[in-house]
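If you want the building blocks of each chain, they are given just below.
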Amino acid sequence: MDFTFTEEQQAAVEAAGAVFGGVAPDGVPSPALTAGAVADDFDRALWAKLADADLLSLLLDSAYGGAGLDPIALCLVLRESAKVLARVPLLESTAAAVLVQEYGDEETKAGLLARAGRGEVVLTVAANGCTGHEPAERAVTARQDGDVWVLDGVQTAVAWAHGADFVVVPAHTDDGRTVLALVPRGHGGTVLGEQISTTGERLGELRLESARVPVRQVIDAEGAWERLRELLTTGTCALALGLGERVLAMTSSYTAEREQFGFPVATFQAVAVQAADRYIDLRAMEATLWQAAWRISTVAVGSGAVGTGVVDSGVVDSEAGGALPVAGDVAVAKIWASEGVRRVVQTAQHLHGGFGADTDCPLHRYHAWAKHLELSLGPAAAHEEALGDLLAAHPLG
């Protein structure tokens, strides 16, 4: 089998490298040096550069000015963004745009997608629920009242909510279905409070009190929420991988230069063994990430195929080979990403010694971002539980 990335995917990485190459991690606002939020908004200048490089429309169809690539390409770009701690809602906005493209009505597509690809409209997703420990769709109720849906509930830790134009809000109905509402910022019946991440970035606590959303702005399709969550989770794994790779590279450089007893500390066996263990973590994170990204890239949605494949998800999940559903691969990737990125930054802090905690060194910023990624969309334990349920219910033989 050929595991080489396509020319289009490699071109996306090159374009991302050109854009992110100008971002200095030392210039990223530090939560250790700022009381409250590190900034009121995300990096709009970098967002404009991403739009100019056509990196905001990677997964959109050509009809909306996009390149028509798959989630693998997005994960490649996200990996590059995490290496420099890019302060942009690239994952959330792209995933929400893909949701609209695959499940939205024609009017919503025409009004949002091309503008999102040009960076004129920013989208985000309320994916953490009320406490961060229960399914996000259970935090909000939805009932249809004529030509509107009425939403009530609270979504916490909504990434980039204060700068986004629309928040995709999952909600559950009385009959157990999940719908996804595109709620504009400042919409009637909504209140957006401020929360602060470990990274120092502003998060939003979105309260919905009889918020009335037109039917055309609500996606009521089976599998839509699962599809969106899989995109977000896999993208988060890509961010964790990129961050971990940069941290290990920083550690390698530091230990090669730092000397004790007249020798670089990198030559000491105890240091080399710890670095080797973290390298193994990164390779496991990478392998499981690309497995998950490939699975979500080759699952058909509705009547058309997504990405490079045309395989129907029902066939994939029930064929004689016994492959787990896509959710299984996504859970495995998130387990490795959550635990791996934590181990990488902890080892890096240890091998840097006191210098690693010095605010003049960018490592403390990476540590804060790693903790946020570790817990985003559920810690490893939550995904281990979900994987256990899948294994118990799915015949592998």
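Residues numbered from 1 in each chain as written. Predicted model: local features only at pLDDT ≥ 70, side-chain atom pairs only at ≥ 80, totals over all residues. Heavy atoms only, no water.

## Topic: the overall build of the chain
Moving on, step 1. Scanning the chain from N- to C-terminus turns up 11 helices and 12 strands.
Moving on, step 2. Computed over its C-alpha atoms, the radius of gyration of the chain comes to 21 Å, within 12% of the 21 Å expected for a compact globule of 397 residues.
Moving on, step 3. Taken along its principal axes, the extent of the C-alpha atoms in the chain is 75 × 55 × 40 Å.
Moving on, step 4. A separation of at least 24 residues holds for 75% of the contacts in the chain among residues at least 6 apart in sequence.
Moving on, step 5. Working note: accessible area of the chain is about 16900 Å², and carbon and sulfur atoms make up 53% of it.
Moving on, step 6. Distance from the positive charge centre (28 side chains) to the negative charge centre (52 side chains) of the chain: 4 Å. (Helix = DSSP H or I, 4+ residues; strand = E, 2+ residues; numbered from the N terminus. Rg over C-alpha atoms; globule rule 2.2 N^0.38 Å. Contact = heavy atoms within 4.5 Å. Areas by Shrake-Rupley, 256 points an atom, 1.4 Å probe, with all protein chains shown as cover. Lys, Arg positive; Asp, Glu negative; His and termini not counted. Charge placed at Lys NZ, Arg CZ, Asp CG, Glu CD.)

## Overview of the nonpolar core
Moving on, step 1. Judged by nonpolar contacts, the single largest core of 93 residues is most densely connected at Phe20 and Leu243.
Moving on, step 2. At 14 residues, the largest contribution of residues to this core is made by helix 6 (residues 224-257).
Moving on, step 3. The contact partners of Phe20, leaving out residues within four places of it in the chain, are Leu46, Leu50, Val77, Glu80, Ser81, Val84 and Ala86. (Core = buried A, V, L, I, M, F, W, Y, C linked by side-chain atoms within 4.5 Å. Buried < 20%, exposed > 50% of the residue type's maximum accessible area, 1.4 Å probe, protein only.)

## Re the environment of Asp61
Moving on, step 1. On the secondary structure map, Asp61 appears in the loop between helix 2 (44-52) and helix 3 (71-83).
Moving on, step 2. Assessed through its relative accessible area of 38%, Asp61 is described here as partly exposed.
Moving on, step 3. Along the primary structure Asp61 and Thr298 are separated by 237 residues, whereas in three dimensions their C-alpha atoms are 16 Å apart.
Moving on, step 4. In this view, Asp61 contacts Gly66 and Gln101; residues no more than four positions away in its chain are not counted.

## Some thoughts on the environment of Pro325
Moving on, step 1. The residue Pro325 is located in the loop between helix 8 (313-318) and helix 9 (326-352) in this model.
Moving on, step 2. When the C-alpha positions of Pro325 and Leu390 are compared, they lie 8.0 Å apart, and in sequence the two are 65 residues distant.

## Some words on unusual backbone geometry
When glycine is set aside, most residues are seen to have a negative phi, and most peptide bonds are trans.
Moving on, step 1. A positive phi is found at Leu85, a non-glycine position, where the angle reads about 55°.
Moving on, step 2. Position of Leu85 among the secondary structure elements: in the loop between helix 3 and helix 4 (90-103).
Moving on, step 3. Here Trp160, not a glycine, exhibits a phi torsion of approximately 55°, which is positive.
Moving on, step 4. Checked against the element boundaries, Trp160 lands in the loop between strand 3 (148-159) and strand 4 (166-172).

## Notes on the pattern of salt bridges
Moving on, step 1. Taken as a whole, this structure holds 23 salt bridges when the rule is applied.
Moving on, step 2. Its salt-bridge partner being Arg227, residue Glu102 comes within 3.1 Å of it at the nearest N-O pair. Of this pair, Glu102 sits in helix 4 while Arg227 sits in helix 6; the two residues are 125 residues apart in sequence, bridging distant segments of the chain. Summarising the burial analysis for this pair, Glu102 and Arg227 share the class buried.
Moving on, step 3. Residues Asp175 and Arg177 are paired through a salt bridge, measuring 3.0 Å at the closest nitrogen-oxygen approach.
Moving on, step 4. By relative accessible area, which is 34% here, Arg177 ends up partly exposed.
Moving on, step 5. If you follow the salt bridges from partner to partner, you end up with Arg79, Glu80, Lys83, Glu245, Arg283 and Glu286 in one network. (Salt bridge = Lys/Arg side-chain N within 4 Å of Asp/Glu carboxyl O.)

## Concerning the confidence of the model for the chain
Moving on, step 1. Taken as a whole, the chain shows an average pLDDT of 92; of its residues, 93% reach a score of 70 or greater.
Moving on, step 2. Every residue in residues 302-321 is under pLDDT 50, and counting partners more than four places away or in other chains gives 33 contacts. (pLDDT = per-residue confidence, 0-100.)

## Points about the packing of aromatic side chains
Moving on, step 1. Under the criterion given, the structure shown has 4 aromatic pairs.
Moving on, step 2. Measuring from ring centre to ring centre gives 6.2 Å for Phe42 and Trp160, while their planes differ by 85°; the resulting arrangement is edge-to-face. One end of the pair, Phe42, is in the loop between helix 1 (7-20) and helix 2; the other, Trp160, is in the loop between strand 3 and strand 4, with 118 residues separating them in the sequence.
Moving on, step 3. Assessed through its relative accessible area of 5%, Phe42 is described here as buried.
Moving on, step 4. Where Tyr254 meets Phe355, the ring centres are 5.6 Å apart and the plane angle is 10°; that geometry is what we call stacked. A residue pair is termed long-range when its members are at least 10 positions apart, and Tyr254 in helix 6 and Phe355 in the loop between helix 9 and helix 10 (363-375) qualify at 101 residues.
Moving on, step 5. The rings of Phe42, Trp47 and Trp160 are connected pair by pair, giving a single aromatic cluster.
Moving on, step 6. One residue, Arg283, lies across the ring of Tyr279, its end atom 4.9 Å from the ring centre. (Phe/Tyr/Trp six-rings, centres within 6.5 Å; stacked < 30°, edge-to-face > 60°. Lys NZ or Arg CZ within 6 Å of the ring centre and 35° of its normal.)

## Observations concerning the pairing of strand 5 (residues 178-184)
Moving on, step 1. Burial runs high along strand 5: 6 of the 7 residues are buried.
Moving on, step 2. Connecting the antiparallel pair strand 4 and strand 5 is a turn made up of 5 residues, with Gly176 showing a positive phi of about 90°. (Pairing = 2+ DSSP bridges.)

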